[in-house]
Amino acid sequence: MENFEKFFKKSKKLYFPLENREVLQEHRAGAPVLIYGWILCGRDATHRKILESLKTGEFSFNFKNQAIYYVGPTQAPPGKPIGSARPTTSSRMDAYMEEFLKLGICATIGKGKRSYKVVQALKEYKAVYLATFGGAGAFLASFIEKLEPIAWEDLGPEAFFRIKVKNFPAVVINTID
């Protein structure tokens, strides 16, 4: 825990949704960040459902300057907003990435590497990829203050929802440069 605190002591803060996307230019690969505010959440089935529903017009949402965390949480224990909140492997969302960047997403949060095509798209759309700690779902849940459903609650962990976070730790992996 001491090394964790030492590493994140020098971190910059990111507040989502961003007021100004240009703040992302300040962040370099390998730099620690602490995330505050509201971040969207969903996995691959969620991404598929969102894009299908947007095309048919049965759903609309403003994704501009938002971050999305690739997470499929476990059920919340009594008195907590969420159960385990470990990240999902980000490459599972690579097929949907460019469409979400076109919608206005400016940051994605997950684990693992992204494809070359996604890294290039992040640069083109001036977005970043942040990684957080795989296997640390209970730890990451401690930074989540609130969970709000957005759509498809019946899908359980594949629902589209958002979480309010404070001091949520991540590391910049891919930048806009």
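The present account deals with the structure reproduced in this document.

What counts, and at which threshold
Residues numbered from 1 in each chain as written. Predicted model: local features only at pLDDT ≥ 70, side-chain atom pairs only at ≥ 80, totals over all residues. Heavy atoms only, no water. Helix = DSSP H or I, 4+ residues; strand = E, 2+ residues; numbered from the N terminus. Buried < 20%, exposed > 50% of the residue type's maximum accessible area, 1.4 Å probe, protein only. Core = buried A, V, L, I, M, F, W, Y, C linked by side-chain atoms within 4.5 Å. Contact = heavy atoms within 4.5 Å. 1 Å grid on protein atoms, 1.4 Å probe; cavity = no way out; pocket = protein on both sides within 12 Å on 5 of 7 lines; lining within 4 Å. Points joined across faces, edges and corners; volume = space filled by probe spheres on them. Nonpolar A, V, L, I, M, F, W, Y, C, P; charged D, E, K, R; others polar. Phe/Tyr/Trp six-rings, centres within 6.5 Å; stacked < 30°, edge-to-face > 60°. Expected span 1.5 Å × (residues − 1).

Counting its secondary structure elements, the protein contains 5 helices and 7 strands. Start at the N end of the protein and walk to the C end: the helices and strands fall as α-β-β-α-β-α-β-α-β-α-β-β. Projected onto its principal axes, the C-alpha coordinates of the protein cover approximately 50 × 45 × 30 Å. Across the 177 residues of the protein, 50% fall into the buried class.

This part covers the nonpolar core. Phe16, Ile35, Ile39, Tyr69, Leu130 and Ile163 are the most contacted members of the largest nonpolar core, which has 29 residues in total. In terms of residue count, strand S7 (residues 160-174) provides more of this core than any other element does, 6 residues in total. Ignoring sequence-local partners within four residues, the contact set of Leu130 consists of Leu14, Val33, Ile35, Thr108, Ile109, Gly110, Ala170, Val171, Val172 and Ile173. Of all hydrophobic cores here, the second largest spans 22 residues; its members include Met93, Ala121, Leu122 and Phe160.

Looking now at the environment of Thr74. Checked against the element boundaries, Thr74 lands in the loop between strand S3 (67-69) and helix H3 (97-103). A residue is classified by how much of its surface remains accessible, and Thr74, at 39% relative accessible area, is partly exposed. The sequence separation of Thr74 and Arg86 amounts to 12 residues, and the corresponding C-alpha distance is 9.1 Å. Apart from residues no more than four positions distant in its own chain, Thr74 is found in contact with Ile82, Gly83 and Ser84.

Positionally, Leu155 belongs in the loop between strand S6 (144-151) and S7. Each C-alpha atom of the pair Leu155 and Ala45 lies 9.2 Å from the other, and the pair is 110 residues apart in sequence.

The subject of this paragraph is the layout of surface pockets. Here the largest pocket defines a volume of roughly 200 Å³. Along the walls of the largest pocket sit 17 residues, with Pro73, Leu147, Gly156, Ala159 and Phe161 positioned nearest its centre. The set of elements that each furnish at least two residues to the lining of the largest pocket consists of S6 and S7. Ranked by residues supplied to the lining of the largest pocket, first place goes to S6 with 4 residues. Tallied by class, residues from the lining of the largest pocket come to 12 nonpolar, 4 polar and 1 charged.

Below, the discussion takes up the packing of aromatic side chains. This structure, assessed with the given rule, holds 11 aromatic pairs. Measuring from ring centre to ring centre gives 6.4 Å for Phe59 and Phe61, while their planes differ by 5 degrees; the resulting arrangement is stacked. For Phe59, a relative accessible area of 13% puts it in the buried group. A centroid spacing of 4.8 Å and a plane angle of 45 degrees characterise the contact between Phe59 and Trp152, whose relative ring orientation is tilted. One end of the pair, Phe59, is in the loop between helix H2 (44-56) and S3; the other, Trp152, is in the loop between S6 and S7, with 93 residues separating them in the sequence.

For the rest of this paragraph, the subject is unusual backbone geometry. Omega for the peptide link from Phe16 to Pro17 comes to -5 degrees, which places this bond in the cis form. Summarising the element assignment, Pro17 is placed in the loop between strand S1 (12-16) and strand S2 (32-41). Positioned with a positive phi, Lys126 is a non-glycine residue whose angle comes to about 60 degrees. Among the residues examined, Lys126 registers a relative accessible area of 43% and is labelled partly exposed. Of note, the phi angle at Trp152 is positive, near 60 degrees, even though the residue is not glycine.

Attention shifts here to H2. Compared with an ideal rise of 1.5 Å per residue, which puts 13 residues at 18 Å, H2 spans 19 Å between its outermost C-alpha atoms and is within 8% of the ideal. Those residues of H2 that sit buried are Asp44, Thr46, His47, Ile50, Leu51 and Ser53. Looking at the buried side of H2, the elements it contacts are S2, S3, H3 and S7. Positioned one or two residues after H2, Gly57 has a phi angle of 80 degrees, which is positive.

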